[in-house]
Amino acid sequence: MSQNNRKLAIIVHSGTLDRLYCAFILGSTATAMDMETHLYFTFWGLNMLVKGEMEKAELPATYKHMEEKMKKALKGMKYPSPYDLLKRMKASGLLKIYACSPTMKMFNVKKEDLIPEVDEIAGAAAFLDLASDADVTLLV
Amino acid sequence: MSQNNRKLAIIVHSGTLDRLYCAFILGSTATAMDMETHLYFTFWGLNMLVKGEMEKAELPATYKHMEEKMKKALKGMKYPSPYDLLKRMKASGLLKIYACSPTMKMFNVKKEDLIPEVDEIAGAAAFLDLASDADVTLLV
Amino acid sequence: MSQNNRKLAIIVHSGTLDRLYCAFILGSTATAMDMETHLYFTFWGLNMLVKGEMEKAELPATYKHMEEKMKKALKGMKYPSPYDLLKRMKASGLLKIYACSPTMKMFNVKKEDLIPEVDEIAGAAAFLDLASDADVTLLV
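Counting starts from 1 at the beginning of each chain's written sequence and moves along it residue by residue. The lettering of chains begins at A and the numbering of ligands begins at 1, in the order of writing. Given that this is a predicted model, residues contribute local features only at a pLDDT of at least 70 and side-chain atom pairs are listed and counted only at 80 or more, while totals for whole chains, interfaces and linings are drawn from all residues. As a rule here, side-chain values come from all non-hydrogen atoms in the structure, and water together with hydrogens is ignored.

### Observations regarding the interface of chain C and chain A
The partner chain A presents 25 residues to the 27 residues of chain C that form the contact. Summed over both partners, the accessible area (1.4 Å probe) lost when two parts come together is defined as the buried area. For the pair chain C and chain A, the two sides together bury roughly 2100 Å², of which 75% comes from carbon and sulfur. Definition used for salt bridges: Asp or Glu carboxyl oxygen within 4 Å of a side-chain nitrogen of Lys or Arg. Counting every contact that joins chain C to chain A gives 1 salt bridge. With a shortest N-O distance of 3.0 Å, Arg 6 of chain C and Asp 129 of chain A are connected by a salt bridge. As used in this structure description, the phrase polar contact means that two N or O atoms lie within 3.5 Å; if the pair is within protein, one of them must be able to donate a hydrogen and the other to accept it, and residues adjacent in sequence are counted only when both atoms belong to side chains. Between chain C and chain A we count 6 residue pairs in polar contact (both at pLDDT 80 or more) in total. Note on contacts: a residue pair is in contact if any heavy atoms of the two residues lie within 4.5 Å.

Written out as structure tokens, the structure is:
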């Protein structure tokens, strides 16, 4: 990562399929544009970093009735899964993934439970430092 | 739009009544303050740009039981509907509306299905460029 | 508050337990880092500023089935409640709390209904001015 790259910082609070896609499509686009991308996973988002969980992501209660139709459409388009998008971003060398330490304690998640793509276990202070210096900051 | 205007950029991911109001009240206030306002509609938000859909926006599952009461209160206040707010913003000349192209493919929405106020069909890269240069960026 | 402090501005649109924690953990961390913290409560968030309401905050419909387990875990950790976190932030002298005036009208909430920690009743323009000048801006 160079000092000249623009920077995107996202708090991934949500763990539903629609919002993971939202965060990861933004992130993939950002890395394709040579922007550094920092994803800080907390709460339901953090739970999606546990091995095997991202594959099971669902739509939220409000849109649950559209889940089957949407999954079919994505399959028909051969659209990459959230985890595929995450691995692609990672391959760019421009993605850094943070797991929220207080959430890990709250949900009793251990470091060894997390997918290997996680770069750092960190508290909110790390995110605020990052975000203060980012060009675009969002909470999903 | 002038180079000197401050700029607000919002990703409208949500399609529920409460969040459309949130985005559009911020947007209306911004245009009244002479800020350029850029609304990028994706996912459930994009679906609200389909003709006739915004009028049917509902509260999310968590607050569904409050919908009737809220709609009555809004009517009693003669509060403008989300679409009315959008048209007012548009009339200011300071609003630009973007429809997310990958979402359109995913939900099989065609250009001719969208309300005429949409300015541009664009991918996430367009939003990231806008947001990098904005004074306030939010995701709703 | 000094001119040299970094600034965090959050719109608290949500009123669910997970999202109040998200906003308040970020806010507590920010005040501990000597950042000015501005929380603008609107919609469901505003309703949580009514005396006695924050104590009753619940998880959203999607995660309702996890509420009991989560509340037990928080109790086991002796984790501070959302209102406790808010009072701690307030004690730092770095927190300012805004109640959204249009929401108050919509939900028929009076000034005297609000917790005493509220600093100001204000419209969206006040938030946009704050946010234009903030280092980190988020919507929860």
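### Re the relation of the copies chain C and chain A
Here the copies were fitted onto each other by least squares, based on C-alpha atoms from residues at pLDDT of at least 70 in both. Rotating chain C by 120° about the axis while translating it 0.0 Å along that axis superimposes it on chain A, leaving an RMSD of 0.0 Å. Taken together, these values place the two copies in the relation of a three-fold axis.

### Describing the environment of Thr 16 of chain A
Structurally, Thr 16 of chain A can be placed in the loop between β1 (7–12) and α1 (17–32). Overall, the relative accessible area of 7% leaves Thr 16 of chain A in the buried class. Other than its neighbours up to four places away in sequence, Thr 16 of chain A contacts Glu 58, Leu 59 and Pro 60 of chain A together with Thr 62 and Tyr 63 of chain C. A run of DSSP states H or I qualifies as a helix once it reaches four residues; a run of E qualifies as a strand once it reaches two. Both are numbered from the N-terminal end. Buried, partly exposed and exposed residues are distinguished by accessible area as a fraction of the type maximum, computed with a 1.4 Å probe on protein chains only: under 20%, between the cut-offs, and over 50%, respectively.

### Considering the packing of α1 of chain A against helix α6 (residues 124–132) of chain B
At a minimum axis distance of 9 Å, the contact between α1 of chain A and α6 of chain B shows a crossing angle of 75°. The angle between α1 of chain A and α6 of chain B falls in the class roughly perpendicular. Where α1 of chain A approaches α6 of chain B, its residues Leu 26, Thr 29 and Ala 30 of chain A are matched on the opposing element by Ala 124, Ala 125, Phe 127 and Leu 128 of chain B. For this classification, the nonpolar set comprises Ala, Val, Leu, Ile, Met, Phe, Trp, Tyr, Cys and Pro, the charged set comprises Asp, Glu, Lys and Arg, and every other residue, Gly included, is treated as polar. When the residues that make up the contact of α1 of chain A with α6 of chain B are grouped by side-chain class, the tally is 6 nonpolar, 1 polar and no charged. Geometry is summarised by axes, namely lines fitted to C-alpha atoms with helices restricted to the contacting stretch, and by angles between N-to-C directions that run from 0 to 180 degrees. Angle categories are assigned with fixed cut-offs, so that under 35 degrees is roughly parallel, over 145 is roughly antiparallel, 65 to 115 is roughly perpendicular, and the rest are oblique.

### Quick word on helix α3 (residues 67–76) of chain A
Residues and elements named next belong to chain A. Taken together, the buried positions of α3 are Glu 67, Met 70 and Leu 74. The arc enclosing the buried residues of α3, seen along the axis, measures out at 70°, which places them on a common side. Opposite the buried face of α3, at more than 90 degrees from it, the exposed residues are Glu 68, Lys 69, Lys 72, Lys 75 and Gly 76. Within this analysis, the arc is defined by the directions that extend from the helix axis to the C-beta atoms.

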